Amino acid sequence: MVRLNTTTYTITSQRIMVKTGLIGKNVEEIELLRVRDLSVAQSIMDRMLGIGTLTVFSDDASAPQLLFRKIHNAQTVKDVLRKAVRDEKIANNISYREQI
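Conventions adopted
Note that residues are indexed from 1 along each chain, following the sequence as it is written. In keeping with the predicted nature of the model, local features appear solely for residues at pLDDT of at least 70, side-chain atom pairs appear and are counted solely at 80 or more, and the whole-chain, interface and lining totals rest on all residues. With hydrogens and water set aside, each side-chain value is computed from the structure's full complement of heavy atoms. Only protein chains enter the accessibility calculation, which uses a 1.4 Å probe; a residue whose area is less than 20% of its type maximum is buried, one above 50% is exposed, and one in between is partly exposed. Numbering of helices and strands runs from the N terminus; a helix is a DSSP stretch of H or I covering at least four residues, while a strand is a stretch of E covering at least two. Any two strands with at least two DSSP-identified bridges between them are counted as paired. Under the convention used throughout, the expected extent of a helix is 1.5 Å for every residue step, that is, one less than its residue count. What the arc covers is the set of directions going from the helix axis to the C-beta atoms. Contact criterion: two residues are considered in contact whenever any of their non-hydrogen atoms come within 4.5 Å of each other. Structural elements are reduced to axes, namely lines fitted to C-alpha atoms, with helices fitted over the stretch in contact, and the angle between N-to-C directions of any two is expressed from 0 to 180 degrees.

## Description of the pairing of strand S5 (residues 51-58)
For step 1, the next point in the chain: Where burial is concerned, most of S5 is hidden: six out of the eight residues are buried.
For step 2, the next point in the chain: Where strand S4 (residues 35-41) lies against S5, six bridges are found, and the strand directions are antiparallel. Among the inter-strand pairings, Ala41 is bridged to a residue of S5, identified as Thr53.
For step 3, the next point in the chain: Judged from the six bridges that link them, S5 and strand S6 (residues 65-72) form a sheet pairing that is antiparallel. Its bridge partner lying in S6, Leu54 is registered against Phe68.
For step 4, the next point in the chain: From the end of S5 to the start of S6, which pair antiparallel, there are six residues.

## Considering helix H2 (residues 74-91)
For step 1, the next point in the chain: With 18 residues, H2 ought to run about 26 Å at 1.5 Å a step, and its terminal C-alpha atoms sit 26 Å apart, in line with that.
For step 2, the next point in the chain: Ala74, Lys78, Leu81, Ala84, Val85, Glu88 and Lys89 are the residues of H2 that are buried. Taken around the axis of H2, the buried residues stretch over an arc of 130°, which confines them to a single face. For H2, exposure combined with an orientation more than 90 degrees from the buried face picks out Lys83, Ile90 and Ala91.
For step 3, the next point in the chain: On its buried face, H2 is in contact with strand S1 (7-11), strand S2 (15-20), S4, S5 and S6.
For step 4, the next point in the chain: Residue Asn93 follows H2 closely and has a positive phi angle near 55°.

## Focus on the sheet that holds S2
For step 1, the next point in the chain: In space, the three strands of this open sheet follow the order S1-S2-S3, with antiparallel pairing throughout. Lying at the two open borders of the sheet, with one neighbouring strand each, are S1 and strand S3 (26-31). Between one strand axis and the next, the sheet turns through 10° on average, direction left out of account.
For step 2, the next point in the chain: When S1 meets S2, the two strands line up antiparallel, connected through five bridges. Bridge pairing in S2 links Thr8 to Lys19.

The structure is reproduced here in structure tokens:
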């Protein structure tokens, strides 16, 4: 059976968007200012294939987590996203500090 579902991940200078669906569309987005943490998970098979799942944790009540599933170079995408989050927080004079 042909799967009628597509997913598009978009990172802009201000937000992250995940669009799913081919016929019906569902769009979830998180402002970069609300991103709290990022993580990458990879199984052994994922590592061999060069893919992984990136999880974005946020303070957004409607979308506390966004999953980027089975993306290529997940660690590189995580690093790009982390830089975009820091840049946006600096641009908006929001201090960035690790919780201890």
